[in-house]
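One-letter residues, chain by chain:
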Amino acid sequence: MKRVIITGTKGYIANRLKIWLNKSNRKMEVILLDMRDDIWKSFDFKANDVIVHAAALVHRNEKKISYAEYERVNVKLTAELANRAKKAGCNQFIFISTAAVYGIKPSCIKTSIITNKTVPVPRTKYGVSKFEAEKALLSLEDENFKVAIVRAPFVYGPNCPGNYKSLRKLTLKFKISPRLENKKSIIYVDNLCEFLYIIIRDKMSGIFMPQNKHIMSTYEMAQAIAECNNQAILISRIFNPLVCLASLFITKIAVAFSNEYYSESISNFDIDYNIVDFKQSIKLSELK
C-alpha cells in the first residue's frame, strides 16, 4: 500500500484530497502533516512515500507580509521538506503551485492566454516565492526522486474560501452581473483531486496546468450560482464600461472579471481527470 503524506492540515485542497484518496479502491494510506511548527521535522518519512505539498502562505494581505516571510514558508520550508523526504527514500514529490508564477496582471480589457511558450515572470510576493520553490524542487529531481509541479488555476468547490465565496455573495446579494465576455481558467476541486490521484498512481513528473474542460466567463458562473439557488439575476452589457473602469482602480474587481486563461492544449494530458462537468460542479458547490 502506498503512503501519501499531504501537508497542510487546515488547507482546503489538502483536506479534500485526503477524502478523495481515502476511497476504498485507492489502496492508499493518507496522512495529513502539520507544517506550522517544527514538530514535522521529527516525522518518520519512509521509502516509497509520496509527498503532496499543499501547505503555503497564500496571496492574501501581501502588503502586510514581508517577502522574507513568504520566502521562509514557501521556499525554504518547501526545500527543507523535499530534502528530508529525498534522503528518506521518498520517490515522488508533488508541489501545488499556482498560475500566479506567470505574473499576469488581472485585466478585463486585455486578454492573456497562457501557452507552453509563456515564460513565468511572477510579480507578486506569493508568485515569486512559489516560482522560487519550483526551481528549488526541480534541482533535486533525479531518477529516484520524481517532481511534479501543478500550477493550479482558480479552484472552487463546496465550502471553499476565496474568490468563489466572494462571487457567490455578491451575486446573491445584488442579483446583477455584467455580461463581460471574459475567459478564466478554473478547476473544480474534485477534478483537481482526481488529477493529483492520477499523478500519484502513474508516478508522473513534470509541470502541469490542469483546468476544467469549460473555460468559463464570470457571468456564466454567476448565472449558474443563481440558478442553483432558484434566483433570477440581471445580466447586461450596460454594466460593462463601469466594471472595466472600476477594474483599473480596484484589484478585486480586476481579478473577478479578468480575461486570462490556459490554452486548451496546455491542459491536454491524455488522461481523463475532468470527471465533473461545469454545471454539475456548481450544483455540488451550492449544496448545503
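Residues numbered from 1 in each chain as written. Predicted model: local features only at pLDDT ≥ 70, side-chain atom pairs only at ≥ 80, totals over all residues. Heavy atoms only, no water.

**Student:** Kindly report on the overall build of the protein chain, identifying the contributing residues and their values.
**Tutor:** Within the protein chain, the secondary structure is distributed over nine helices and 12 strands. For a compact globule of 288 residues, the expected C-alpha radius of gyration is about 19 Å, and the protein chain comes in at 19 Å, within 12% of that figure. Oriented by its inertia axes, the alpha-carbon framework of the protein chain measures out at about 60 × 40 × 35 Å. Long-range contacts, defined here as pairs at least 24 residues apart, represent 83% of the contacts in the protein chain between residues at least 6 apart. Accessible surface, the protein chain as shown: approximately 14,600 Å² in total, 53% of it carbon and sulfur. Positive and negative charge centroids in the protein chain, built from 44 and 27 side chains respectively, lie 6 Å apart. (Helix = DSSP H or I, 4+ residues; strand = E, 2+ residues; numbered from the N terminus. Rg over C-alpha atoms; globule rule 2.2 N^0.38 Å. Contact = heavy atoms within 4.5 Å. Areas by Shrake-Rupley, 256 points an atom, 1.4 Å probe, with all protein chains shown as cover. Lys, Arg positive; Asp, Glu negative; His and termini not counted. Charge placed at Lys NZ, Arg CZ, Asp CG, Glu CD.)

**Student:** Can you lay out the side chain of Asn274 for me, pointing to particular residues and giving the numbers?
**Tutor:** Along the chain, Asn274 turns up in the loop between strand S12 (260-262) and helix H9 (278-286). Among the residues examined, Asn274 registers a relative accessible area of 15% and is labelled buried. Of note is the side chain of Asn274, whose polar atom sits 3.2 Å from the side chain of Asn191. Of the polar contacts made by the side chain of Asn274, one reaches the backbone oxygen of Gln211; its length is 3.1 Å. If near-sequence neighbours (up to four positions away) are discounted, Asn274 is found in contact with Asn191, Gln211, Asn212 and Lys213. (Buried < 20%, exposed > 50% of the residue type's maximum accessible area, 1.4 Å probe, protein only. Polar contact = N/O pair within 3.5 Å; in protein donor to acceptor, adjacent residues only side chain to side chain.)

**Student:** Could you give an account of the packing of helix H4 (residues 163-174) against helix H6 (residues 218-228), with specific residues and numbers?
**Tutor:** Relative orientation of the contacting elements H4 and H6 amounts to 65°, with a least axis distance of 10 Å. In terms of their interaxial angle, H4 and H6 are classed as roughly perpendicular. Two packed elements cross with a definite hand, and for H4 against H6 that hand is right-handed. Residues Tyr164, Leu167, Arg168, Thr171 and Leu172 of H4 form the contact with H6, whose participating residues are Thr218, Met221, Ala222, Ile225 and Ala226. (Axes fitted to C-alpha atoms, helices over the stretch in contact; angles between N-to-C directions. Parallel < 35°, antiparallel > 145°, perpendicular 65-115°, else oblique. Left-handed = near helix turned anticlockwise from the far one by under 90°.)

**Student:** Which residues make up the pattern of salt bridges, and what values go with them?
**Tutor:** On inspection of all chains with the given rule, the structure shows 15 salt bridges. Close ionic contact of Glu69 with Arg72 constitutes a salt bridge, the shortest N to O distance being 2.7 Å. Taken as a pair, Glu69 and Arg72 lie in helix H2 (residues 67-88) at a separation of three residues, close to a single helical turn. A residue is classified by how much of its surface remains accessible, and Arg72, at 46% relative accessible area, is partly exposed. Here Arg237 ties to Glu181 by a salt bridge, and the two come within 3.4 Å at their closest N and O atoms. (Salt bridge = Lys/Arg side-chain N within 4 Å of Asp/Glu carboxyl O.)

**Student:** Any details on the layout of surface pockets? Residues and values, ideally.
**Tutor:** Roughly 190 Å³ of internal volume is contained in the second largest pocket. Contributing to the lining of the second largest pocket are 13 residues, with Gln211, Lys213, Ser267, Tyr273 and Asn274 lying nearest its centre. Broken down by class, the residue content of the lining of the second largest pocket amounts to four nonpolar, five polar and four charged. (1 Å grid on protein atoms, 1.4 Å probe; cavity = no way out; pocket = protein on both sides within 12 Å on 5 of 7 lines; lining within 4 Å. Points joined across faces, edges and corners; volume = space filled by probe spheres on them. Nonpolar A, V, L, I, M, F, W, Y, C, P; charged D, E, K, R; others polar.)

**Student:** A description of the packing of aromatic side chains should follow, citing residues and the corresponding values.
**Tutor:** For any two aromatic rings, the description comes down to two numbers: the centre-to-centre distance and the angle of the planes. Taken as a whole and assessed by the stated rule, the structure comprises 11 aromatic pairs. Geometrically, the ring pair formed by Phe195 and Phe269 is tilted, given 5.3 Å between the ring centres and 40° between the ring planes. Of this pair, Phe195 sits in helix H5 (residues 189-201) while Phe269 sits in the loop between S12 and H9, and the two are 74 residues apart along the sequence. Of the two residues examined, Phe195 and Phe269, each falls in the buried class. (Phe/Tyr/Trp six-rings, centres within 6.5 Å; stacked < 30°, edge-to-face > 60°.)

**Student:** Which residues make up the nonpolar core, and what are the values?
**Tutor:** Grouped together as the largest cluster of nonpolar side chains are 45 residues, with contacts concentrated most on Leu21, Ile94, Tyr156 and Met221. Among the elements that take part in this core, H5 stands out by supplying nine residues, more than any other. Not counting chain neighbours up to four residues away, the residues in contact with Ile94 comprise Val50, Ile51, Val52, His53, Ala148, Val150, Leu196, Ile199 and Ile200. Met35, Leu81, Phe93 and Leu137 belong to the second largest nonpolar core, which has 20 residues in total. (Core = buried A, V, L, I, M, F, W, Y, C linked by side-chain atoms within 4.5 Å.)

**Student:** An account of unusual backbone geometry is requested, with residue identities and associated values reported.
**Tutor:** With phi around 55°, Lys175 is a residue other than glycine that occupies positive phi space. Unlike most non-glycine residues, Asp270 shows phi in positive territory, near 60°. Considering the arrangement of structural elements, one finds Asp270 in the loop between S12 and H9.

**Student:** Summarise the state of the cysteines; cite the residues concerned and give the values.
**Tutor:** According to the stated counting rule, one finds zero disulfides in the structure shown. For the unlinked cysteine Cys244, the closest cysteine sulfur is that of Cys108, found at 3.3 Å. (Disulfide = S-S within 2.5 Å.)

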